[in-house]
Amino acid sequence: MSKESEKMPEIMLGAWAWGNDGTFGDQLTEGSLRPVFDKAMDLGLNLWDTAYVYGMGTSENVLGSFLKSVPRDTYYISTKFTPQCADPNAENAVVEMFDGSAERLGTDYMDYYWIHNPVGAPKWIEELIPLAKSGKIGKIGVSNHDLAQIKEAQAILEKEGLSLDAVQNHYSLLNRSSEDSGILEYCKDNGMEFFSYMVLEQGALSGKYDTKHPFPDGSARAEKYNPILPELEKLNEALREIAEAHGVSAAQIPVAWAIAKGTRPIVGVTKETQVADAAAAAAVKLAAEEIERLESLADKAGVSTIREWEKKME
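Residues numbered from 1 in each chain as written. Predicted model: local features only at pLDDT ≥ 70, side-chain atom pairs only at ≥ 80, totals over all residues. Heavy atoms only, no water.

*Asks:* In this structure, what is going on with the overall build of the protein chain? I would like to understand it.
*Replies:* Within the protein chain, the secondary structure is distributed over 12 helices and eight strands. C-alpha atoms of the protein chain, sized along the principal axes, occupy 50 × 45 × 40 Å. Across the 314 residues of the protein chain, 57% fall into the buried class. The contacts of the protein chain with a sequence gap of at least 6 include a subset with a gap of at least 24, amounting to 79%. Working note: accessible area of the protein chain is about 13,300 Å², and carbon and sulfur atoms make up 48% of it. Distance from the positive charge centre (31 side chains) to the negative charge centre (49 side chains) of the protein chain: 2 Å. (Helix = DSSP H or I, 4+ residues; strand = E, 2+ residues; numbered from the N terminus. Buried < 20%, exposed > 50% of the residue type's maximum accessible area, 1.4 Å probe, protein only. Contact = heavy atoms within 4.5 Å. Areas by Shrake-Rupley, 256 points an atom, 1.4 Å probe, with all protein chains shown as cover. Lys, Arg positive; Asp, Glu negative; His and termini not counted. Charge placed at Lys NZ, Arg CZ, Asp CG, Glu CD.)

Here you go:
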């Protein structure tokens, strides 16, 4: 898609849950997700994020089946190379995974292609170089990398006449380590986009769940978040109050906060209502005192939402 012809939306939609890998405990189908995709496209939310590891190709297959039905110049696609899924016998594991993703998604060009995490870094950035020089990648990104690893990847690419264009990390009211470590500032100073994932903490900050309405048993997010819901009560109460003042739902406030912090949030969607919420969140402008209140309450909650695949950014 021509970057000059259309403004990219402020929010990226995530298809992690579409992989049905047990993280969200849902059994989603193409039939239930097609209206979600159509609603998003109708509202101009045409920036999609997925990865092979989300259901080992399932998410890409589902999303790809929808993308193949619309012109390539009507959407942006973002997917990832996950080191833990690399074929150790491949001549170039990055190229091999890219080609598999391209086939499932029905495209030979990725608007964003990411090294999903720093396991084995910086080997994978080096393997990415011929793929990037082939013109098959619009923007190169790294995810779950700390500041030193970001700088390392940037230096490797710059020696080859390439650039590191984007960083994607877990960033929310409850996990601001990418801000505290200077990553956000570094990205801003170096012209890199920062994509914030899990801004809603997989629903814990959506207004839908609390101590009286916990996550349904049987999912990884229930195991992680149900024990800390008591500590989140005051923060969730503030989210509801601020949402009411703006005439929106509570789920829109953490997304609006992430935009206000200069990031592009990634919002997972499995329902049409979630798409509508995401679209409306971009129009919410939070006051400085509202941001300060939310961050103060988040700090007072004293919880860690860093997951098993992550680390605290330094």
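*Asks:* I keep staring at the layout of surface pockets and nothing clicks. Help me out?
*Replies:* A water-sized probe, rolled over the atoms, reveals where empty space remains. In this structure, the second largest pocket occupies an estimated 250 Å³ of space. Lining the second largest pocket are 14 residues, with L174, N175, R176, D180 and V303 sitting closest to its centre. Those elements that provide at least two residues to the lining of the second largest pocket are α6 (177-180) and α12 (288-301). Here the lining of the second largest pocket is composed, by residue class, of five nonpolar, five polar and four charged. (1 Å grid on protein atoms, 1.4 Å probe; cavity = no way out; pocket = protein on both sides within 12 Å on 5 of 7 lines; lining within 4 Å. Points joined across faces, edges and corners; volume = space filled by probe spheres on them. Nonpolar A, V, L, I, M, F, W, Y, C, P; charged D, E, K, R; others polar.)

*Asks:* Would you explain the packing of aromatic side chains in this entry?
*Replies:* Geometry of an aromatic ring pair is reported as the spacing of the ring centres plus the angle between the planes. In total, this model carries 15 aromatic pairs according to the counting rule given. With a centroid separation of 5.6 Å and an interplanar angle of 20°, the aromatic rings of W16 and Y54 are classed as stacked. Of the two residues, W16 sits in the loop between β1 (12-14) and α1 (30-42) while Y54 sits in the loop between β2 (47-49) and α2 (58-67), which places them 38 residues apart along the sequence. Assessed through its relative accessible area of 9%, Y54 is described here as buried. A centroid spacing of 3.9 Å and a plane angle of 20° characterise the contact between Y209 and F215, whose relative ring orientation is stacked. For Y209, a relative accessible area of 8% translates into the label buried. An aromatic cluster of at least three residues, connected via ring pairs, comprises W18, F37, W48 and F66. (Phe/Tyr/Trp six-rings, centres within 6.5 Å; stacked < 30°, edge-to-face > 60°.)

*Asks:* Is there a simple way to explain the sheet that holds strand β4 (residues 110-115) in this structure?
*Replies:* By definition, the strands of a sheet pair up through backbone hydrogen bonds, in either a parallel or an antiparallel sense. Around the barrel, eight strands lie side by side as β1-β2-β3-β4-β5-β6-β7-β8; this closed barrel has parallel pairing. In this sheet, neighbouring strand axes are inclined to one another by 30° on average, regardless of whether the strands run parallel or antiparallel. In this sheet, strand β8 (residues 264-268) lies alongside β1 in parallel orientation, the contact comprising three bridges. Across the sheet, residue M12 finds its bridge partner in β8, namely I266. (Pairing = 2+ DSSP bridges. Axes fitted to C-alpha atoms, helices over the stretch in contact; angles between N-to-C directions.)

*Asks:* Even after reading the chapter, I still don't get the pairing of strand β7 (residues 193-197), so can you show me in this structure?
*Replies:* Looking down a regular strand, the side chains alternate between one sheet face and the other. Counting buried residues in β7 gives five out of five residues, a clear majority hidden from the surface. Of the two faces of β7, the one holding E193, F195 and Y197 and the one holding F194 and S196 are both buried throughout. As paired elements, strand β6 (residues 166-170) and β7 share five bridges and run parallel to each other. By the bridge assignment, Q168 is partnered in β7 with F195. The pairing of β7 with β8 spans three bridges and is parallel. Bridging from a neighbouring strand, Y197 pairs with I266 of β8.

*Asks:* Would you mind going over empty space enclosed by the protein with me for this structure?
*Replies:* As enumerated under the stated definition, the model contains two cavities of 30 Å³ or more in all. Considered as a void within the structure, the largest cavity measures approximately 60 Å³ in volume. Taken together, I115, A121, P122, K123, W124, I125, H145, Q149, E152 and A153 form the lining of the largest cavity. Mapped by element, the contributors of at least two residues to the lining of the largest cavity are α4 (123-133) and α5 (147-159). Looking at the lining of the largest cavity, its residues break down into six nonpolar, two polar and two charged. Approximately 40 Å³ is the volume found for the second largest cavity. N144, N169, H170, N175, S177, S178, Y197, E310, K311 and M313 are the residues that line the second largest cavity. Broken down by secondary-structure element, the contributors of at least two residues to the lining of the second largest cavity are β6 and α6. Residue classes in the lining of the second largest cavity are distributed as two nonpolar, six polar and two charged.

*Asks:* Honestly, the side chain of S59 in this entry has me stumped. Any pointers?
*Replies:* By secondary structure assignment, the location of S59 is in helix α2. If we skip the residues at most four places from it in the chain, S59 touches A15, W18, G19, T50, A51 and Y54.

*Asks:* Explain the packing of α4 against α5 here, please?
*Replies:* The description of two packed helices rests on the angle between their axes and on the distance between the axes. At their nearest, the axes of α4 and α5 sit 10 Å apart, and the two run at 30° to each other. In this view, α4 runs roughly parallel relative to α5, as classed from their interaxial angle. As α4 runs across α5, the sense of the crossing is right-handed. Of the residues in α5, those in contact with I125, E126 and I129 of α4 are A153, I156 and L157. Residues that form the contact of α4 with α5 fall into these classes: five nonpolar, no polar and one charged. (Parallel < 35°, antiparallel > 145°, perpendicular 65-115°, else oblique. Left-handed = near helix turned anticlockwise from the far one by under 90°.)

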